[in-house]
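Coordinate inspection notes
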Amino acid sequence: MPCVADWLNNPFSIVQGIFAQNTPNSDWEKKVTDYFKEKLKENNATNWVPSLNDVPVHYLKPNSLVKFRCMVQDMFDPEFYMGVYETVDPNTNARVLHFGKYRDVAECGPQQEIDMNSSQTVTLERQTFYCVPVPGESAWVKEAYISASQARVSPSTSYTPSRHKRSYEEDEDMEQHPSKQKEQHMGSGGDSHGCGEPKRLETEASAGHHLISPNCSPPLDLNFPLPGEKGPACLVKVYESWDTFKVNDVLEVYGILSVDPVLSIVNNEERDSSTLDPMECMDTAEEQRVHSPPSSLVPRIHVILAHKLQHLNPLLPACLNEEESKTFVSNFMSELSPVRAELLGFLTHALLGDSLAAEYLILHLISTVYARRDVLPLGKFTVNLSGCPRNSIFTEHIYRIIQQLVPASYRLQMTIENMNHSRFIPRKDYTANRLVSGILQLASNTSLVIDETQLEQGQLDTKGVHNVKALGNLITWQKVDYDFSYHQMEFPCNINVLITSEGRSLLPSDCQVQLQPQIIPPNMEEYMSSLLTAVLPSVLNKFRIYLSLLRLLDYSISDEVTKAVEEDFVEMRKNDPESITADDLHRTLLVARFLSLSAGQTTLSRERWLRAKQLEALRKARLQQQKALLDLCHSKINPLSQSCLCDVSNLDHGAANLSKRRYSSAAAAVSWRRS
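If you're wondering where the values come from, they're calculated on a predicted model, not measured in any experiment.

Calculation rules
- Residues numbered from 1 in each chain as written.
- Predicted model: local features only at pLDDT ≥ 70, side-chain atom pairs only at ≥ 80, totals over all residues.
- Heavy atoms only, no water.
- Pairing = 2+ DSSP bridges.
- Helix = DSSP H or I, 4+ residues; strand = E, 2+ residues; numbered from the N terminus.
- Axes fitted to C-alpha atoms, helices over the stretch in contact; angles between N-to-C directions.
- Contact = heavy atoms within 4.5 Å.
- Parallel < 35°, antiparallel > 145°, perpendicular 65-115°, else oblique.
- Nonpolar A, V, L, I, M, F, W, Y, C, P; charged D, E, K, R; others polar.
- Buried < 20%, exposed > 50% of the residue type's maximum accessible area, 1.4 Å probe, protein only.
- Polar contact = N/O pair within 3.5 Å; in protein donor to acceptor, adjacent residues only side chain to side chain.
- Salt bridge = Lys/Arg side-chain N within 4 Å of Asp/Glu carboxyl O.

**Description of the sheet that holds strand β11 (residues 383-386)**
Overall, parallel pairing links the five strands, which are arranged β12-β15-β19-β11-β20 in an open sheet. At either end of the open sheet lies a strand with only one pairing partner, and these are β12 (409-413) and β20 (511-514). This sheet shows a mean twist of 20° between the axes of neighbouring strands, independent of strand direction. When strand β15 (residues 447-451) meets strand β19 (residues 496-500), the two strands line up parallel, connected through five bridges. Bridged to V449 within β19 is L498. In the packing of helix α12 (residues 394-403) onto the sheet, contacts are made with β12, β15 and β19, and the angle to β12 comes to roughly 165°. The strands touched by helix α14 (residues 462-477) are β12, β15 and β19; relative to β19, the strand with the most contacts, the crossing angle is about 125°.

**Quick word on the packing of α12 against helix α15 (residues 524-534)**
For the pair α12 and α15, the least separation of the axes is 10 Å and the interaxial angle reads 5°. Considering their axes alone, α12 and α15 lie roughly parallel with respect to each other. Where α12 abuts α15, its residues F394, H397, I398, R400 and I401 lie against M524, E525, M528, S529, L531 and L532. Its residues placed into classes, the contact of α12 with α15 shows seven nonpolar, two polar and two charged.

**A few points about the pairing of strand β18 (residues 488-492)**
Pairing of strand β17 (residues 479-483) with β18, which is carried by five bridges, proceeds in the antiparallel orientation. Opposite D481, over in β18, you have E490 as the bridge partner. Between β17 and β18, which pair antiparallel one after the other, the connecting turn spans four residues, and S485 there sits at a positive phi close to 65°.

**Details of the side chain of S258**
Mapped onto the fold, S258 is located in strand β7 (residues 250-258). For S258, a relative accessible area of 7% puts it in the buried group. A distance of 2.5 Å separates polar atoms of two side chains, one belonging to S258 and the other to D104. If sequence neighbours within four positions are ignored, S258 has contacts with D104, L263, S295, P299, R300 and H302.

**Overview of the pattern of salt bridges**
Tallying each qualifying case throughout the model produces 32 salt bridges. When the shortest N-O distance is used, the salt bridge between R95 and D115 registers 2.8 Å. Here the residue R95 occupies a position in strand β3 (residues 95-99), and D115 occupies one in the loop between β4 (113-114) and β5 (122-132), the gap between them amounting to 20 residues. A relative accessible area of 43% means that R95 is categorised as partly exposed. A salt bridge links R340 to E359; the shortest N-O distance between them is 2.9 Å. With a gap of 19 residues between them, R340 in helix α10 (residues 336-350) and E359 in helix α11 (residues 355-365) connect regions that are remote in the sequence. By the burial criterion, R340 is buried, and E359 matches it.

In structure tokens:
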């Protein structure tokens, strides 16, 4: 274990030492970064750093080194700070040089004053990101990170290893009952000088609830994209290369935790003061409230090191380009075939014995947007799993199984109420100068399961129409148009969308697979629950590694195979010119790509191309069979009772009536019972 007495528990002492040794050289900042970078490489030292994802903030020592796994939800305006400043003792005229980096409040002794006119003062700029935990992060991901953590903090912070794995969910009672927390964390009054050492965080945490009650109404919205999310939001202050990060990026940051109670006092005084010159303070009260929330609720992290996460799976090495990681990948690829076979069997059982649907679900789960050609996203593979039973727990359990396999996911129940009342698209709030989050503000490679079996007959209002259009744009173009009032701004994304429906979905998709159950369990709840309990944790982890790893592999098609595919497609067009289109070629190439990757092959072979054609032929045959069944039902139903689903491309901005295709539902029910 590396020595953590200084650089982990008191990183300011390290920074101060490097600053003192290198002043007035300007490279002291780089030396600080290099120092911590080297320290974190030693003996898995990253596991010794406490994470805000795992540990409630009031258990952490102020000004200690912490880490945070997060998504950039918003970017605030850059702020200026005193990178270097000088203090003077009025009695002795002694001068001391200080660094302002990694601090929210300037440090000075009890008998010192900051010399604002000093020639030594250096004004610098930093960027503040508003960051939230990864939306929809799976429980198994959180548990894996907690299990790997070996973080310890000083016993004086009331934090003990036995409480280390206590999650935010378990700590919710304390959040809702501050009186209990106050009894546990009684502390002395706050330091009013602002130059001394900050008080214990427990005092700040218990007082924080009282801070927001009288002064902040309504309570501060932490702006999580998804409903019901837990965990901290943080103001992450970045000093170098912040232009490499953007909204919706997933980062892992290492930095100094700032929860100085002075921040809350100063911010409250600024909001309450009526003597401020309007020309000196252009921020609105709402903007101040949002951009300077109490540090007990939204702590600050002053970043020393930050990097984008290549993936969200803790079972994989963080960077696959390193030599040790290459060994891990090589070893796993050698046993890929049995893992794929087991996963196929597992998903076949989950899909009630339908092996073809299970094949396509695997291809969907390893799909990813690998490039963009003009506006066209290449690699997206939205699957519409039709033929799902209505008003059943089947789709809910399918989502639970996917949730156990992928690092981040969300189930969107497509009800009239949700479509009309939920906020899908993030919008700019100019009064608070912030981006208000929406459901579609998700991290890259999140699995979005849209449950259309929940849709009942009803009316979409204007907001509902916009939400349906937003889903259509997400699926077709892999982008979300954020609402900036006066204009829309495109944010490209990479979201895996699976649509479960009775008949064909009203939303667009790349591939429709008609479910054909081979077994109908008498107790669906018991059957689906037993699937997960029957899988060994080690096997489940192999499935998780398999799906995440294959998304990251490179893929290519040789000139020879390309020519053979073109010739084959021309031959297919000759044999069936009416039904074979360019879309069929594109889809078959996608299926062939993911089939190859699912077998661990990074280039297309003729064998995989033929297998892709076979799968597509089977899939289309099912759809033809379903169409014939639909026509049969259609002919037996009074035409006056029929109503068509809205086409997303033809929706206007007014209200629209939605009703289920009754003959589609009837056909799906017949198909389900016959199976």
